[in-house]
Amino acid sequence: MNYAISVSAIERQPIAAARRRTTFAKIAGEIGTLLDDPWSLIRATPGLRTDGDNVAIYWDDSGDGSIEVGVQVVREFEPTDAVVCSATPAGVVARTAHFGPYHQLRAAHGAVRAWCKDNSREFALPFWEIYGDWSDDPGKLRTDVLYLLK
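Residues numbered from 1 in each chain as written. Predicted model: local features only at pLDDT ≥ 70, side-chain atom pairs only at ≥ 80, totals over all residues. Heavy atoms only, no water.

Bringing the layout of surface pockets into the picture now. By volume, the largest pocket amounts to about 720 Å³. As for the largest pocket, its lining consists of 25 residues, of which Ile27, Tyr58, Tyr102, Leu105 and Glu129 are closest to the centre. Where the lining of the largest pocket is concerned, the elements lending two or more residues are helix H1 (27-44), strand E3 (54-60), helix H2 (105-118) and strand E7 (123-131). (1 Å grid on protein atoms, 1.4 Å probe; cavity = no way out; pocket = protein on both sides within 12 Å on 5 of 7 lines; lining within 4 Å. Points joined across faces, edges and corners; volume = space filled by probe spheres on them. Helix = DSSP H or I, 4+ residues; strand = E, 2+ residues; numbered from the N terminus.)

Following the sequence through the fold, Gln72 ends up in strand E4 (residues 66-72). With residues near it in sequence (within four places) discarded, Gln72 still touches Gln13, Pro14, Ile15, Arg49, Gly52, Asp53, Val55 and Ile130. (Contact = heavy atoms within 4.5 Å.)

Leu125 connects to Pro126 through a cis peptide bond whose omega is 5°. For Pro126, the location among the structural elements is in strand E7.

Opposite charge on two side chains permits them to pair, given that their charged atoms come into close proximity. Taken as a whole and assessed by the stated rule, the structure comprises seven salt bridges. Across the pair Glu76 and Arg12 runs a salt bridge, and its minimum N-O distance is 2.6 Å. Of this pair, Glu76 sits in the loop between E4 and strand E5 (83-88) while Arg12 sits in the loop between strand E1 (6-10) and strand E2 (13-18), and the two are 64 residues apart along the sequence. The exposure class assigned to Glu76 is partly exposed, which follows from its relative accessible area of 41%. Close ionic contact of Glu68 with Arg21 constitutes a salt bridge, the shortest N to O distance being 3.8 Å. Placement of the pair is Glu68 in strand E4 and Arg21 in the loop between E2 and H1, with a sequence separation of 47 residues. (Salt bridge = Lys/Arg side-chain N within 4 Å of Asp/Glu carboxyl O. Buried < 20%, exposed > 50% of the residue type's maximum accessible area, 1.4 Å probe, protein only.)

What follows covers the environment of Ala114. Tracing the chain through its elements places Ala114 in helix H2. Taking the C-alpha atoms as reference points, Ala114 and Ser66, separated by 48 residues in sequence, lie 22 Å from one another.

Glancing now at the sheet that holds E4. Spatial ordering of the open sheet is given by E1-E6-E8-E7-E3-E4-E2-E5, a layout of eight strands whose pairing is antiparallel. Of all strands in the sheet, those bounded by a partner on one side alone are E1 and E5. Direction aside, the axes of adjacent strands within the sheet are offset by 35° on average. Across five bridges, the pairing between E3 and E7 is antiparallel. Across the sheet, the residue bridging to Ala56 is Glu129, located in E7. (Pairing = 2+ DSSP bridges. Axes fitted to C-alpha atoms, helices over the stretch in contact; angles between N-to-C directions.)

Encoded structure:
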């Protein structure tokens, strides 16, 4: 798949995130369970979400990694025992859109990292994925991959 990379300035985006984080090796098996608590909070808090998407934020890409999973929300909120108020940062990002199954997302990350190297742009942590609406057709799944630039 050919990935078009774009650079844009983005605003900080609040996230209702599971308090427990996961790792690279476990994210595929744990993401659904980790999203249960943020979605429960959203359902119990009218007006917290209008049309936000699920998000995975990669705060550390060394070792096992440290990945926070949550849902975009429209405002800050008080944390609970199971859900924290987190955010993706404001700044300039390099981004691409991946269309297809989630297990192929590594190629999108590779494309953004290669673009950064080829264009002498350094990325910072975190980087993140924004998951579009679900489809039973894997070819219709859209995931945006964003890397914060230094």
